[in-house]
Amino acid sequence: MTKAKKLSAKQKAFRAVLIFLSCLFFLFAFCCTGKRIARLYGVGGVLDFADSAVVGLFGDCKATDEVTALKQKTGGILKGVCHPAQYGTKEILETAHIEWVRIDAYQSFDIYEEDGSYSPLFAYTLSTLQYHQSQGSKVLLVFSANMREAYYQYGYDIRTEEGTKAIQKAAKDFILEVRDYVGAVQVANECDVARFSAPFTIEECAKFIGVVMETFYEYKKDVVIGYNGTPINLIGLTECLQPWMRYCDWVGIDAYLGCFEPLSKSLSLVDGIVRGVWNAAHKPVIITEYGYMSSGEPKTKAEKEAVLKEYGFHSVQDAKNNIWKLIEQLPITFQERIASGVIAYSSDKELADTLFSGEHEKHLFRELESGYYVTGYEHTPEGQADFLRDSIEIFKKYDVVCGAFIYSMVDAASCYYCGFDDCPLETGWGLLNADGTPKPSYYAIQKAFADWND
Ligand SMILES: [Zn+2]
């Protein structure tokens, strides 16, 4: 060994520190660049969850007093289903240990007529609540499920002082009317998803949720109040909600791994999501929507050409050049979506490009693109059953997870977004087939819920 290479203990320590700092720097640079690239592709939220999950790994997920208090008020774990529909009969629900149903209020604003009687839609909401109560089900009710509607249909605008006061008044009217029929109320729905929140920013949505939760707080009795979001940016929404968190009893997660994006390939991401949300909110967690498509696969080029041929076109370009000839042949639901302005466009070309890209193109061709799956779970009735069973095993590991609402009770006869009856995207989510007969997922839930106790 030469003299030049001999290092003192001090120098060795200094070198080790330098190497350590360099590694940290490169790791930091890698993460920042990686995140920036990811954000460009719209997957930043997933990475935020990954970040928080890592932090969460070092914290614990032990139940706090708030978790215990929530379970006391709700009578234990919330085992529920979304959209109970006509087949949500007492026997079908009870056999599968489904004690809760989650429904949207049909009307959340302007619930009284001028003479003080209930508006027809709110009267219908109340009778639905009474029906579920008579069936022995507990209800998680969604107030103002659609921020767009609150603004465009009823004119309630959280951005103005006058609008905020009107929202407070509407929230008070609402909670006083429903509190004897429901066990839980959710304020707004998935405000971190632009489709549901536009024209409001995430900060404005948070203010809306916060103001409503604060109003509910005084009148809610034992009803537990919360809000929800998706892995897209529930953590960001939660950060914006910090001034109002003391009025919040729970935070809801809506997740559809392997169905709407091609990134979440591993079921263990569920652990990351739960830990991330707990770490960000430190509030009892309820899985407010959770499911897996039981059908759907990519279509071949020839199959897509056959779809175009049905409409009288020989290519995508041909269809784009005659976009209104295509639109007039679409189901009325799809046409109304275009007419309502939900699909924004300023020229026929822009409309054609929008329809033949992203989500809309999948509805047009009635396909689930390749790459949309969680490893080990096919989009089949059996795959859906296995997915739900294994997911609930994960939820059960966490004391802070107070329940889950499966999306949904029954397969839809047609896709609510596009109206096609053979579109797999919004039809195969049920525990029951469209005719009311149980699917494998029903039996999976029956078993999983039976074994899920406090
Ligand atoms: Zn569809």
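Residues numbered from 1 in each chain as written. Predicted model: local features only at pLDDT ≥ 70, side-chain atom pairs only at ≥ 80, totals over all residues.

Some thoughts on the nonpolar core
And then number 1: Core analysis: the largest hydrophobic core is formed by 110 residues, its most contacted members being Leu 141, Ile 209, Val 212, Val 277, Val 285, Phe 405 and Ile 406.
And then number 2: When neighbours within four sequence positions are excluded, Phe 405 is seen to be in contact with Gly 80, Val 81, Cys 82, Trp 100, Arg 102, Leu 140, Ile 287, Thr 288, Glu 289 and Tyr 290.
And then number 3: Counting residues in hydrophobic clusters, the runner-up holds six residues, among them Ala 319, Ile 323, Leu 326 and Ala 352. (Core = buried A, V, L, I, M, F, W, Y, C linked by C-beta atoms within 7 Å. Buried ≥ 20, exposed ≤ 12 C-beta atoms within 10 Å, placed from the backbone. Contact = placed C-beta atoms within 7 Å.)

What to know about helix H18 (residues 381-397)
And then number 1: Look at H18: 25 Å from first C-alpha to last across 17 residues, which is about the 24 Å you get at 1.5 Å a residue.
And then number 2: Where H18 is buried, its residues contact helix H11 (269-281), strand S7 (285-290), strand S8 (401-406) and helix H19 (440-450). (Helix = DSSP H or I, 4+ residues; strand = E, 2+ residues; numbered from the N terminus. Expected span 1.5 Å × (residues − 1).)

Some thoughts on H19
And then number 1: Inspection of H19 places Ser 441, Tyr 442, Ala 444, Ile 445, Ala 448 and Phe 449 among the buried residues, and these make up the whole buried set. Considered in projection along H19, the buried side chains sweep an arc of 160° and stay on one side of the axis.
And then number 2: Tucked inside the fold, the buried residues of H19 contact strand S1 (78-82), H18 and S8. (Arc of directions from axis to C-beta.)

Considering the environment of Thr 354
And then number 1: Following the sequence through the fold, Thr 354 ends up in helix H16 (residues 348-355).
And then number 2: Using a count of 17 C-beta atoms within 10 Å as the deciding quantity, one classes Thr 354 as partly exposed.
And then number 3: Sequence separation between Thr 354 and Lys 320 is 34 residues; the distance between their C-alpha atoms is 10.0 Å.
And then number 4: When neighbours within four sequence positions are excluded, Thr 354 is seen to be in contact with Ile 343, Tyr 345 and His 360.

Quick word on the confidence of the model for the protein chain
And then number 1: Residues with a pLDDT of 70 or more make up 88% of the protein chain, whose mean pLDDT is 90.
And then number 2: In this model, residues 29-42 is a region of pLDDT below 50 whose contacts with residues beyond four sequence positions or in other chains number six contacts. (pLDDT = per-residue confidence, 0-100.)

Topic: the environment of Ser 144
And then number 1: With respect to the secondary-structure elements, Ser 144 resides in the loop between strand S3 (138-143) and helix H6 (147-152).
And then number 2: Residue class for Ser 144 comes out buried when judged on the 27 C-beta atoms lying within 10 Å of it.
And then number 3: Spatially, the C-alpha atoms of Ser 144 and Val 187 are 6.6 Å apart, while their sequence positions differ by 43 residues.
And then number 4: Ignoring any residue separated from it by four or fewer positions in sequence, one finds Ser 144 in contact with Ser 108, Ala 150, Val 187 and Ala 188.

A word on unusual backbone geometry
And then number 1: Note the cis peptide between Ala 198 and Pro 199, where omega equals 10°.
And then number 2: Residue position: Pro 199 is located in the loop between helix H8 (194-197) and helix H9 (202-219).
And then number 3: The peptide bond linking Tyr 407 to Ser 408 adopts the cis configuration, its omega dihedral lying at 0°.
And then number 4: When you line up the elements, Ser 408 lands in the loop between S8 and H19.
And then number 5: Located in the positive-phi region is His 97, a residue other than glycine, with phi close to 60°.
And then number 6: Here Lys 221, not a glycine, exhibits a phi torsion of approximately 55°, which is positive.
And then number 7: Secondary-structure assignment places Lys 221 in the loop between H9 and strand S5 (224-229).
And then number 8: Of the residues examined, Lys 221 has 8 C-beta atoms within 10 Å and is grouped as exposed.

Notes on the packing of helix H7 (residues 161-178) against H9
And then number 1: Relative to each other, H7 and H9 sit at 45°, their axes nearing to 9 Å. One element, H7, and the other, H9, form an angle in the oblique class. As for how H7 packs across H9, the hand of that crossing is right-handed. Here H7 contributes Thr 164, Ile 167, Gln 168, Ala 171, Lys 172, Ile 175 and Leu 176 to the contact with H9, which in turn contributes Phe 208, Val 211, Val 212, Thr 215, Phe 216 and Tyr 219.
And then number 2: Residue composition of the contact of H7 with H9, grouped by class: nine nonpolar, three polar and one charged. (Axes fitted to C-alpha atoms, helices over the stretch in contact; angles between N-to-C directions. Parallel < 35°, antiparallel > 145°, perpendicular 65-115°, else oblique. Left-handed = near helix turned anticlockwise from the far one by under 90°. Nonpolar A, V, L, I, M, F, W, Y, C, P; charged D, E, K, R; others polar.)

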